[in-house]
Amino acid sequence: MNIPASLKYTKDHEWVSLEGDIATVGITDFAQKELGDIVYVEVETLDQTLEKDEVFGTVEAVKTVSDLFLPVAGEIIEFNDSLETKPETVNSDPYGNGWMVKVKVSDLSQYESLLTSDDYKKLIGA
């Protein structure tokens, strides 16, 4: 199971990387394995400002649809458009080309309060 130490995580299985005040968000390797083959990623919150833990989109797998929860409050400034035609990228490269959104973070302290890779490993029993 791939859980990069350089990222932060949520109990809802999202990962976050931060550059300045821009956070990149996706779902973890664990989450994509649990979901199975991802067939659709929907984000209708582009250019909206959301609070921490608000739903910013959904990910649809063959057997289920799961909400995506924003790990930090801010404005959704970019959606990974390549997922519209290749949603399976989330399965094959969840921490790279399978990222979902970029967020202009409004409260950087929320990033600091996210789970470390060790905390996340404990959460999922890895």
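Rules used throughout
- Counting of residues starts from 1 at the beginning of each chain's written sequence and follows it residue by residue.
- Residues qualify for local features only when their pLDDT is at least 70, as the model is predicted, and side-chain atom pairs are given and counted only at 80 or more; totals for whole chains, interfaces and linings, by contrast, use all residues.
- The side-chain figures draw on all heavy atoms in the structure; neither hydrogens nor water molecules are used.
- Helical segments are the DSSP runs of H or I of at least four residues, strand segments are the runs of E of at least two, and each set is numbered from the N terminus.
- Accessibility here uses a 1.4 Å probe with only protein chains present; expressed as a share of the type maximum, an area under 20% marks a residue as buried, one over 50% as exposed, and anything in between as partly exposed.
- What makes two residues a contact is simply this: any of their non-hydrogen atoms within 4.5 Å.
- Arc definition: directions from the helix axis to the C-beta atoms.
- Think of a salt bridge as a Lys or Arg side-chain nitrogen and an Asp or Glu carboxyl oxygen that are within 4 Å of each other.
- Pairing of aromatic rings covers Phe, Tyr and Trp, the last through its six-membered ring, and needs centres within 6.5 Å; plane angles under 30 degrees mean stacked, over 60 mean edge-to-face, and all others mean tilted.
- Distance and angle both matter: a charge sits over a ring if NZ of Lys or CZ of Arg is within 6 Å of the ring centre and within 35 degrees of the ring normal.
- Two strands form a pair only when DSSP identifies at least two bridges running between them.
- Axis lines are fitted through C-alpha atoms, for helices just across the contact stretch, and the angle between N-to-C directions can take any value from 0 to 180 degrees.
- In protein, a polar contact means a hydrogen-donor-capable atom and an acceptor-capable atom, both N or O and within 3.5 Å, with residues adjacent in sequence counting only if both atoms are side-chain atoms; elsewhere, any N or O pair within 3.5 Å suffices.

Our focus in this paragraph is the environment of Val39. Within the fold, Val39 resides in strand E4 (residues 38-42). A relative accessible area of 42% places Val39 in the partly exposed class. When neighbours within four sequence positions are excluded, Val39 is seen to be in contact with Glu60, Ala61, Val62 and Pro87.

A few words on helix H5 (residues 117-124). What H5 keeps buried is the set Ser117, Tyr120 and Ile124. Axial view of H5: buried residues confined to an arc of 60 degrees, hence all on one face. On its buried side, H5 packs onto strand E1 (8-9) and helix H1 (29-35). Positive backbone phi, at 75 degrees, marks Gly125, one or two positions downstream of H5.

Take the pattern of salt bridges next. By the definition in use, this model includes four salt bridges. Across the salt bridge formed by Lys11 and Asp12, the nearest N and O atoms sit 3.5 Å from each other. The class for Lys11 is exposed, based on a relative accessible area of 57%. On the basis of relative accessibility, which here comes to 29%, the residue Asp12 falls in the partly exposed class.

To continue, consider the packing of aromatic side chains. If you walk through the whole model with that rule in mind, you get two aromatic pairs. Judged by centre distance (4.9 Å) and plane angle (15 degrees), the ring pair of Tyr9 and Tyr120 falls under stacked. Taken together, the residues Tyr9 in strand E1 and Tyr120 in helix H5 connect sequence positions 111 residues apart. A relative accessible area of 0% means that Tyr9 is categorised as buried. One Lys or Arg, Lys102, reaches over the ring of Trp99 and ends 4.8 Å from the middle of that ring.

Glancing now at the sheet that holds strand E3 (residues 22-27). One open sheet accounts for six strands, arranged E1-E2-E3-E9-E8-E5; its pairing is antiparallel. A strand with exactly one partner marks an edge of an open sheet, and here the two such strands are E1 and strand E5 (49-50). Here strand E8 (residues 74-79) runs beside strand E9 (residues 101-105); their pairing, made up of five bridges, is antiparallel. Paired with Ile76 across the two strands is Val103, which belongs to E9.

Turning next to the sheet that holds strand E6 (residues 55-61). For sheets, the rule is that strands pair by backbone hydrogen bonds, running either parallel or antiparallel. Strand order in the open sheet formed by three strands is E4-E6-E7, with antiparallel pairing between adjacent strands. Either end of the sheet is taken by a strand with one partner, and the two such strands are E4 and strand E7 (65-69). Shown here is a sheet whose adjacent strand axes are inclined to one another by a mean of 25 degrees, direction ignored. With four bridges connecting them, E4 and E6 associate as antiparallel partners. Pairing of Glu42 across the sheet is with Thr58, part of E6.

Further remarks concern the side chain of Gln32. In this fold, Gln32 is placed in helix H1. Here the side chain of Gln32 touches Asp29 through a polar contact of 2.8 Å, side chain to side chain. Within the local environment of Gln32, its side chain forms a polar contact with the side chain of Asn91, the two groups lying 2.8 Å apart.

No statement about biological role is implied by the geometric values presented.
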